[in-house]
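Results of the structural survey
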Amino acid sequence: MSLALTRAFLHLTNPLERHFWRASAALKDTLSARDSRAQRRGSLLEHTLVHASPLLPSAPAPYSAMDDNLFPVALLLDELKSDDVTLRLNAIHRISTIALALGPDRTRDELIPFLQDSLDDEDEVLLALAEELGNFVEYVGGPEWAHVVLGPLESLAAVEETLVREKACESLNKIGAVLSPEQIEQHFLPLVRRLATGDWFTSRTSAAALFAGVYPRASEPTKEELRTLFKGLCNDDTPMVKRAAARYLGDVAKQLEASLILSDIIPLYKKLSNDDQDSVRLLTVEDLIAIAQKLSLDDTKAQLLPSIRAACQDKSWRVRYMVGQHFVELAESTGEDVVRDELVQAFVTLLKDNEAEVRTAAAGQIPGFAKLVDQEIILARLMPCVRELATDQSQHVRAALGMHLSGLAPLLGKEATIEHLLPLFLQLLKDEFPDVRLNIISKLELVNSVIGIELLSQALLPAIIELAEDKQWRVRQAIIEYIPLLAEQLGVAFFDEQLGNLCMSWLGDTVFSIREAATVNLRKLAEVFGVDWARQTIVPKVCAMGNHSNYLYRMTTVFAITTMAPALNATVIRESILDVVLSLVNDPIPNVRFNVAKSLEVLACVIASDPEGQEVVQRQIVPAVEQLKQDNDADVRYFASKAQESITGVAA
């Protein structure tokens, strides 16, 4: 505020008057700042309209008088100076159009500085700008001028909003990938240096993301400086900066030689892995894996084994959760002797952890870790834990176990699977939580490949039949999708006796997805058992539903016929199916009639494969479609017209 205004304010003794005076002054400041931004945006608009030859006329002209090619560019520039954030956001998403119109020279000299001065905006606009600038290299003249785009992105990498900073860093890395070593020295390194030594933590957190991308192409002195700058970030006092450094430490380690990892990276890792903040420590778990993958087994055992032990026993459950989630990767990077001597017990401890989240994460690693040990260890050390997890009080733990338990079957072999896993499958198939049952059903193929479908069906068929009527429709759907595999292995006689009626009952389910899955199931069964079986067993039952008083059953009949038709032959369709579909042309329900039109289209394609079938199409199907084209319902007429077009092409 000016001195005169300040003095006027001091003379106001009434608190209410002072309050309104402050509000008025703040409003004036806001409007002034907004007008200033609009004026800056408007200056580029005016300058572009004057100088964008030959696209633009030599002097400013009303938009109505402009060339058609100019108007979209002028409109975009006008939107960039709009007070409406939506218009500015849309304009930013199409900023490449302006850049193309201006050309590389003016984009570098005018548009980039304009964008640099327009960063006082809403977060969503800045986020869009950060994303667009990552693809701006071609608009400024190619890789040789790519460094010009670094300026606005550097400013965006230091803003307060995390999403904007992350997108800006992503774009900076994208541009850094096309920079030459000279450009890295002259432009990218100073940018990283400024961000890494900035006063505000936001710039330093962004700097951590920029080292790994350009490090391999930098000169030796530059590499040394980059390592020094990154070391400073790891030793920063601000937790947010240390989290960012821990997040990218593994990426940096992947770019270094083993000697530099031992001398520079491991001390930084140990410092971060012992940090007071668990939000920092949990990020070092993936760093540990990346470092171990770069070192020899002896160096890993000597340098990292204490850290592995500490991470598995960390006092924070979030750190142990991260260890459990990545345990297989960690074990694979350490060597067989470490796995046998150290990690088996560590994994058992995680499977018995007090926190359900940790047990859930570890349960997902059971098959992967079991591949790294022999069968004796699986049976002696892991299976007791698996049995405990099958009765875990947390439904999420049991669901995770159900998803991965079948992965043990190929490792245990037939006899051990029958003895140890089948009882657990039966137990989990009866779990009260539907996701547990669903996960078990969806993974039975692995067990089938080990013990055979006959034994599996004998052991699990009662439970499967029970689940076929489960109150959760997703469980019923999973059972339906598993039926064709069972049918193929069990044979026609067993299927007709045990599962035939069950498959037909799903056609009357109250949930449409189940009815739809049931029709697909019938087509697959027809493909498995053949057309003759379908004609004798399925087709009569499906056609009988076409006379049901409930229109949903009649619609299901049409769905089933349409779905099964490609698996049947022309004879079956002409003799057993076509009359049923034609009888539904006059159904009182429009939904049934337009599905009849779609069904006739499919049936015509199947039966028109021989001269007799083409005659049937012309004599029976075409008149029915013509009738549906005159229907009172618009949807029926639409699908009938589509069917007629398709049938005309087939008949021709």
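Note that the structure is a prediction, hence the values are computed from the model and not measured. (Residues numbered from 1 in each chain as written. Predicted model: local features only at pLDDT ≥ 70, side-chain atom pairs only at ≥ 80, totals over all residues. Heavy atoms only, no water.)

This brings us to the overall build of the protein. Within the protein, the secondary structure is distributed over 39 helices and zero strands. Here the protein holds 652 residues, and 50% of them are scored as buried. A sequence separation of at least 24 residues applies to 66% of the contacts in the protein between residues at least 6 apart. As presented, the protein carries roughly 30,400 Å² of accessible surface, and 50% of it is formed by carbon and sulfur atoms. (Helix = DSSP H or I, 4+ residues; strand = E, 2+ residues; numbered from the N terminus. Buried < 20%, exposed > 50% of the residue type's maximum accessible area, 1.4 Å probe, protein only. Contact = heavy atoms within 4.5 Å. Areas by Shrake-Rupley, 256 points an atom, 1.4 Å probe, with all protein chains shown as cover.)

What follows concerns helix α16 (residues 284-294). Among the 11 residues that make up α16, eight are buried, leaving the element largely enclosed by the rest of the structure. For α16, the set of buried residues is Thr 284, Val 285, Asp 287, Leu 288, Ile 289, Ala 290, Ile 291 and Ala 292. The elements touched by buried residues of α16 are α13 (239-253), α14 (258-273), α15 (278-281), α17 (297-312), α18 (317-325) and α19 (327-332).

Next up on the list: the environment of Ser 155. With respect to the helices and strands, the residue Ser 155 is situated in helix α7 (residues 150-156). Classification of Ser 155 by relative accessible area gives partly exposed; the value is 29%. As for Ser 155 and Leu 195, which are separated by 40 residues in sequence, their C-alpha atoms are 9.4 Å apart. The residues contacting Ser 155, other than those within four sequence positions of it, are Gln 116 and Leu 119.

It is worth spelling out the packing of aromatic side chains at this point. Taken as a whole and assessed by the stated rule, the structure comprises 13 aromatic pairs. The interplanar angle of 65 degrees and the centroid separation of 6.1 Å between the aromatic rings of Phe 495 and Trp 533 together place this pair among those described as edge-to-face. In this pair, Phe 495 sits in helix α31 (residues 492-498) while Trp 533 sits in helix α34 (residues 531-544), placing the two residues 38 residues apart along the sequence. Of the residues examined, Trp 533 reaches a relative accessible area of 9% and is grouped as buried. Note on Tyr 638 and Phe 639: the rings are 5.1 Å apart at their centroids and 75 degrees apart in plane angle, and the pair reads as edge-to-face. One aromatic cluster is present, built from ring pairs that chain together Phe 327, Phe 347 and Phe 369. Here Arg 108 stacks its cationic end above the ring of Trp 145, 3.9 Å away from the centre of that ring. (Phe/Tyr/Trp six-rings, centres within 6.5 Å; stacked < 30°, edge-to-face > 60°. Lys NZ or Arg CZ within 6 Å of the ring centre and 35° of its normal.)

Taking 1.5 Å of rise per residue, 15 residues should cover 21 Å, and α13 covers 21 Å from first to last C-alpha, within 8% of that figure. At Arg 247, α13 shows its largest bend, some 35 degrees. All of the buried residues along α13 are Val 241, Lys 242, Ala 244, Ala 245, Ala 246, Tyr 248, Leu 249, Gly 250, Val 252 and Ala 253. Buried residues along α13 sit against α10 (201-207), α11 (211-214), α12 (220-234), α14, α15 and α16. (Expected span 1.5 Å × (residues − 1). Bend = angle between axes of the 7 residues up to and from the residue.)

With that settled, consider the environment of Ala 218. By the secondary structure assignment, Ala 218 is in the loop between α11 and α12. Relative accessible area serves as the criterion here: at 9%, Ala 218 is assigned to the buried category. With 35 residues separating them in the primary sequence, Ala 218 and Gln 183 have C-alpha atoms 9.8 Å apart. Among residues more than four places away in sequence, those in contact with Ala 218 are Lys 223 and Leu 226.

A few words now on the packing of helix α9 (residues 181-196) against α12. Contact geometry of α9 with α12 gives a least axis separation of 10 Å together with a crossing angle of 15 degrees. By the angle between their directions, the pair α9 and α12 is classed as roughly parallel. In the crossing of α9 with α12, the sense of the turn from one axis to the other is left-handed. Taken together, the residues of α12 that come into contact with α9 (itself represented by Glu 185, Leu 189, Val 192, Arg 193 and Ala 196) are Thr 222, Glu 225, Leu 226, Leu 229 and Leu 233. (Axes fitted to C-alpha atoms, helices over the stretch in contact; angles between N-to-C directions. Parallel < 35°, antiparallel > 145°, perpendicular 65-115°, else oblique. Left-handed = near helix turned anticlockwise from the far one by under 90°.)

Once that is clear, we can look at the pattern of salt bridges. Across all of its chains, the model carries 24 salt bridges by this definition. Put simply, Asp 105 and Arg 108 hold a salt bridge, and the shortest N to O gap is 2.5 Å. Of this pair, Asp 105 and Arg 108 are both found in helix α5 (residues 95-116), three residues apart, which corresponds to roughly one turn of the helix. As a salt-bridge pair, Asp 236 and Arg 204 come within 2.8 Å of each other at their nearest N and O atoms. Taken together, the residues span a long stretch of sequence, with Asp 236 in the loop between α12 and α13 and Arg 204 in helix α10 at a distance of 32 residues. Of the two residues examined, Asp 236 and Arg 204, each falls in the buried class. (Salt bridge = Lys/Arg side-chain N within 4 Å of Asp/Glu carboxyl O.)

Relative to the elements of secondary structure, Gln 620 occurs in helix α38 (residues 611-629). When the C-alpha positions of Gln 620 and Leu 582 are compared, they lie 8.2 Å apart, and in sequence the two are 38 residues distant. In contact with Gln 620, not counting residues within four places along its chain, are Leu 578, Asp 579 and Leu 582.

Let us look at a negative patch on the surface. Taken together, the side chains of Glu 122, Asp 123, Glu 124 and Glu 160 present a region of like negative charge at the surface. Here Asp 123 shows up in helix α6 (residues 123-133). (Patch = residues over 30% accessible without salt bridge, like charges linked within 9 Å, V, L, I, M, F, W, Y side chains within 5 Å. Lys, Arg positive; Asp, Glu negative; His and termini not counted. Charge placed at Lys NZ, Arg CZ, Asp CG, Glu CD.)

Relative to the helices and strands, Thr 222 resides in helix α12. For Thr 222, the contacting residues outside a window of four places in its chain are Glu 185 and Leu 189.

Moving on: the packing of α34 against helix α36 (residues 570-583). Helix-helix packing is characterised by the crossing angle of the two axes and by the distance between the axes. Here α34 crosses α36 at 10 degrees, and the two axes come no closer than 11 Å. Relative to α36, the element α34 lies roughly parallel. Of α36, the residues touching α34 (which contributes Val 531, Arg 535, Val 539 and Cys 543) are Val 572, Ser 576, Ile 577 and Val 580. In terms of residue class, the contact of α34 with α36 is built from six nonpolar, one polar and one charged. (Nonpolar A, V, L, I, M, F, W, Y, C, P; charged D, E, K, R; others polar.)

Formed by 213 residues in total, the largest nonpolar core has its most connected members in Phe 136, Leu 156, Phe 230, Phe 369, Trp 506, Leu 525 and Leu 600. Non-local contacts of Phe 369, meaning those with residues more than four positions away in its chain, are made with Phe 327, Val 328, Ala 331, Val 339, Leu 343, Val 344, Phe 347 and Leu 382. (Core = buried A, V, L, I, M, F, W, Y, C linked by side-chain atoms within 4.5 Å.)

Further remarks concern the confidence of the model for the protein. Chain-level statistics for the protein give a pLDDT mean of 81 and a share of 87% at 70 or above. The weakest mean pLDDT in the protein belongs to helix α1 (residues 3-10) at 39; the strongest belongs to helix α21 (residues 356-363) at 94. Below a pLDDT of 50 lies the segment residues 1-70, which in the model reaches 58 contacts outside its immediate sequence neighbourhood of four places, other chains included. (pLDDT = per-residue confidence, 0-100.)

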